[in-house]
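Here is what each chain is made of, one letter per residue.
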Amino acid sequence: MRLKAYTPFTSAGIQSAIAYKWNFLGFFFGQVFFTFVMFFLWRAVFRYSPGGSIGGFTFLDMTIYIFAANITGFLVDTEASYIVGEEIVQGSIAMRMIKPVSFNLSILFTELGQKLIIMLLVAIPVFAGLEWFRYAQTGVLQFSLSTFVLYLTSVGLSYLVMFFFDVCFGYLAFIFKNLWGINMLKFGILNFLSGGMIPLGFLPQAVQRVLAFLPFGSMRYTPVMIYTGKYQGLMILSAMATQIFWAALLYGLSALIWRLTERHLTVQGG
């Protein structure tokens, strides 16, 4: 596999993010609104909680978690299932099959270009604001470059887990032909199970044990817990090893499904 062949896809992703900046900004401000809704909701919860702590989280911890979880979601979210489903429905996937590049990787490298713009224009300013807020509240500069590098590494692994999971999900269009409604359901479920709404540590122990065998925690929860300092030392290594496992497994599964389905491809459209 020659990675140089995918450079134009990354450039196209960057150009797309710039060209469709209003769509990008609209989605971003929607996420900001949701984040502040969660912030005020949790502020009300902590106001009436005894001891000012819930599940090992103070209100400051929860504030950092909320904003970090949402910006992390912005970085790791993918439209792979939508792209795959649309190309199957429209029939354009047939043209993908004759190109000398991987279908999955062409989508991945296109999205990487978009993620680069998000990192530069959104994520870095947001994290700078979070560090300023944490310093203003505690009087101590808590930023650690090594922790942030580990966070970014974990974000990269989270994106791979999310991407290949979404690709596998997108292949359901070979069966159902249209995934719009199922995609909406999937988004809500993943947002909850990946820790986008509440820390997974708040869930009952039985649910946490089940989720430990599933990839959802590797999609968002792991990098956020690294950034907030809730994961340390061996916990970080164990969590990132789990991410690598799920990324590799889902990559292999997506490749297998592609090989099986392309032999029996039927498309809608004219």
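This report concerns the structure included in the present document. Keep in mind that this is a model prediction, so the values were computed, not measured. (Residues numbered from 1 in each chain as written. Predicted model: local features only at pLDDT ≥ 70, side-chain atom pairs only at ≥ 80, totals over all residues. Heavy atoms only, no water.)

Before going further, it helps to examine the nonpolar core. Of all hydrophobic cores here, the largest spans 68 residues; its most connected members are Y65, L75, F127, Y151, F163 and Y227. Look past the residues within four positions of L75 in its chain and what remains in contact with it is K115, I118, M119, A123, Y151, V155 and Y159. (Core = buried A, V, L, I, M, F, W, Y, C linked by side-chain atoms within 4.5 Å. Buried < 20%, exposed > 50% of the residue type's maximum accessible area, 1.4 Å probe, protein only. Contact = heavy atoms within 4.5 Å.)

So, on to the layout of surface pockets. In this structure, the second largest pocket encloses a volume near 340 Å³. Along its surface, the second largest pocket is lined by 15 residues, and L211, A212, G217, Y221 and Y231 are the ones closest to its centre. Counting residues per element, the ones that place at least two in the lining of the second largest pocket are helix 10 (205-211), helix 11 (221-227) and helix 12 (234-261). At four residues, the largest contribution of residues to the lining of the second largest pocket is made by helix 12. Grouping the amino acids of the lining of the second largest pocket by side-chain chemistry returns eight nonpolar, seven polar and no charged. (1 Å grid on protein atoms, 1.4 Å probe; cavity = no way out; pocket = protein on both sides within 12 Å on 5 of 7 lines; lining within 4 Å. Points joined across faces, edges and corners; volume = space filled by probe spheres on them. Helix = DSSP H or I, 4+ residues; strand = E, 2+ residues; numbered from the N terminus. Nonpolar A, V, L, I, M, F, W, Y, C, P; charged D, E, K, R; others polar.)

Time to look at helix 9 (residues 180-193). Spanning 14 residues, helix 9 covers 20 Å between terminal C-alpha atoms, matching the ideal 20 Å at 1.5 Å per step. Here helix 9 has its buried residues at N183, K186, L190, N191 and L193. For helix 9, the arc enclosing every buried residue in end-on projection is 170°, short of the 170-degree limit, so these residues lie on one face. Positioned one or two residues after helix 9, G195 has a phi angle of 90°, which is positive. (Expected span 1.5 Å × (residues − 1). Arc of directions from axis to C-beta.)

Let us look at the pattern of salt bridges. Summed over all chains, the structure comprises three salt bridges. In this structure, K230 and D61 form a salt bridge, with 3.2 Å as the shortest nitrogen-oxygen distance. Of this pair, K230 sits in the loop between helix 11 and helix 12 while D61 is found in helix 3 (residues 59-76), placing the two residues 169 residues apart along the sequence. Given the relative accessible area of 26%, K230 is considered partly exposed. Assessed through its relative accessible area of 23%, D61 is described here as partly exposed. Of the charged contacts in the structure, one is a salt bridge between E131 and R134, with a shortest N-O distance of 2.7 Å. In this pair, E131 and R134 both sit in helix 6 (residues 103-138), three residues apart, roughly one turn of the helix. This pair shows no difference in class: E131 is buried, exactly as R134 is. (Salt bridge = Lys/Arg side-chain N within 4 Å of Asp/Glu carboxyl O.)

The analysis is restricted to geometry; functional conclusions fall outside its scope.
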